[in-house]
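Fold and geometry: a report
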Amino acid sequence: MNRIRVAILGLGLIGGSLGMALHKKAGDEIEVVGFARRQATAELALAMGAVDSMAQTAQEAVSEADFVFICTPVLQMLSMAEAVLPHMKPGSVLSDVGSTKSWFIEQLRAKLPPDIHYIGGHPMAGRERSGLEAAQEDLFQDKWFIFTSFPDVPPELFDKLRRLLTLTGAKTAQLDETTHDRVTSVISHVPHVVAAALVHLLKKEKDTVLTARFIGGGFRDTTRIASSDADMWADICVTNPANIASGLESLAGLLLGAAEMIRAGDRQGIWEYFSQAKELREGLLEREKDL
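Notes on the structure follow. (Residues numbered from 1 in each chain as written. Predicted model: local features only at pLDDT ≥ 70, side-chain atom pairs only at ≥ 80, totals over all residues. Heavy atoms only, no water.)

**Points about a nonpolar patch on the surface**
The grouping of Leu255, Tyr273 and Phe274 at the surface amounts to a nonpolar patch, some 310 Å² of accessible area in total. For Phe274, a relative accessible area of 54% corresponds to the exposed category. (Patch = residues over 30% accessible without salt bridge, like charges linked within 9 Å, V, L, I, M, F, W, Y side chains within 5 Å. Areas by Shrake-Rupley, 256 points an atom, 1.4 Å probe, with all protein chains shown as cover. Salt bridge = Lys/Arg side-chain N within 4 Å of Asp/Glu carboxyl O. Buried < 20%, exposed > 50% of the residue type's maximum accessible area, 1.4 Å probe, protein only.)

And the structure:
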């Protein structure tokens, strides 16, 4: 692989981890240029080895880049794309790491110059901590990196990006944006809303402090992701509203059904509820190992 120039716009958990992973695996084969609005972030990115250099502006960062990754919260991605697209070199690729795709693609489609290609990306990886301080070079190891692409992207460019991202240790797959948003709503977006709801449920207790004193592993594990960045998750919810709302409504129906069985003392029904969930979960996880 010839030396590749990568621009990372936004150096938080994902952007920082991407830069660190590429440095670790590719060394001198890849040059990473970063852009961050805060000087403290720029200095930390250099110190952590997340970038080779920092640009003063986003436009400067992308001017000679082969691949440009927008790593901002979803609702900031469009304004960032509009700012840098006129400054990207012909034949280069614009990508992102957004957790939703349909909204951004719909907005971007009419704004993309004919000589710039878009291949969206979504690493199915994260931590409950956010910010560059939480970045780690192995964040993407054995995790899925899902691509969404316009149909006119040259296959060789798509393959080049795929090979670039596999350097991070990620597994790659491709989905259209509609399927992506539906699938991720079930396995990522709805669970985050539910984790936050469980914390709100605790707050409704008559003596929250006393109840919280006895929190064990079950509550900690189930609500861990409720500590994720609120700005990021607000953006995700407003850019994938139909899928997330539909998932929450379906979940509410399941919970109401469980509540009715519990209130009625239907032990057999309750047993089947847990037994079927256990069997389904273990079967899905075992199948995932083979993929």
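**Focus on the pairing of strand S8 (residues 171–174)**
In this sheet, S8 lies alongside strand S7 (residues 144–149) in parallel orientation, the contact comprising four bridges. By the bridge assignment, Phe145 is partnered in S8 with Thr172. Regarding topology, helix H6 (residues 155–166) serves as the crossover connection from S7 to the parallel S8, and that connection is right-handed. (Pairing = 2+ DSSP bridges. Helix = DSSP H or I, 4+ residues; strand = E, 2+ residues; numbered from the N terminus. Right-handed = clockwise from strand over helix to strand, strands pointing away.)

**Details of the pattern of salt bridges**
In this structure the tally under the stated criterion is 10 salt bridges. For Glu137, the salt bridge goes to Lys24, with nearest N and O atoms at 3.4 Å. Taken as a pair, Glu137 in the loop between strand S6 (117–123) and S7 and Lys24 in helix H1 (residues 13–26) lie far apart in primary sequence, 113 residues in all. A residue is classified by how much of its surface remains accessible, and Glu137, at 34% relative accessible area, is partly exposed. A salt bridge links Arg109 to Glu177; its shortest N-O distance comes to 3.5 Å. Highlighted residues: Arg109 in the loop between helix H5 (102–108) and S6 and Glu177 in helix H7 (residues 177–203), separated in sequence by 68 residues. A relative accessible area of 46% places Arg109 in the partly exposed class.

**Description of the environment of Gly10**
Relative to the helices and strands, Gly10 is located in the loop between strand S1 (4–9) and H1. Given the relative accessible area of 16%, Gly10 is considered buried. Beyond its immediate sequence surroundings of up to four residues, Gly10 is in contact with Gly15, Phe35 and Cys71. (Contact = heavy atoms within 4.5 Å.)

**What to know about helix H11 (residues 241–264)**
The end-to-end C-alpha separation of H11 is 34 Å, in line with the 34 Å expected for 24 residues at 1.5 Å each. Residues of H11 that are buried: Ile244, Ala258 and Met261. Among the residues trailing H11, Gly265 stands out with phi positive, at a value near 70°. (Expected span 1.5 Å × (residues − 1).)

**Some words on the sheet that holds S7**
Strand order across the open sheet formed by eight strands is S3-S2-S1-S4-S5-S6-S7-S8, with mixed pairing between neighbours. In the strand order of this sheet, the two ends are held by strand S3 (53–54) and S8, each with one partner. Pairing between strand S4 (residues 67–70) and strand S5 (residues 93–96): four bridges, direction parallel. Across the sheet, the residue bridging to Ile70 is Asp96, located in S5. H6 contacts S1, strand S2 (30–35), S4, S5, S6, S7 and S8 of the sheet and is inclined by roughly 60° relative to S4. (Axes fitted to C-alpha atoms, helices over the stretch in contact; angles between N-to-C directions.)

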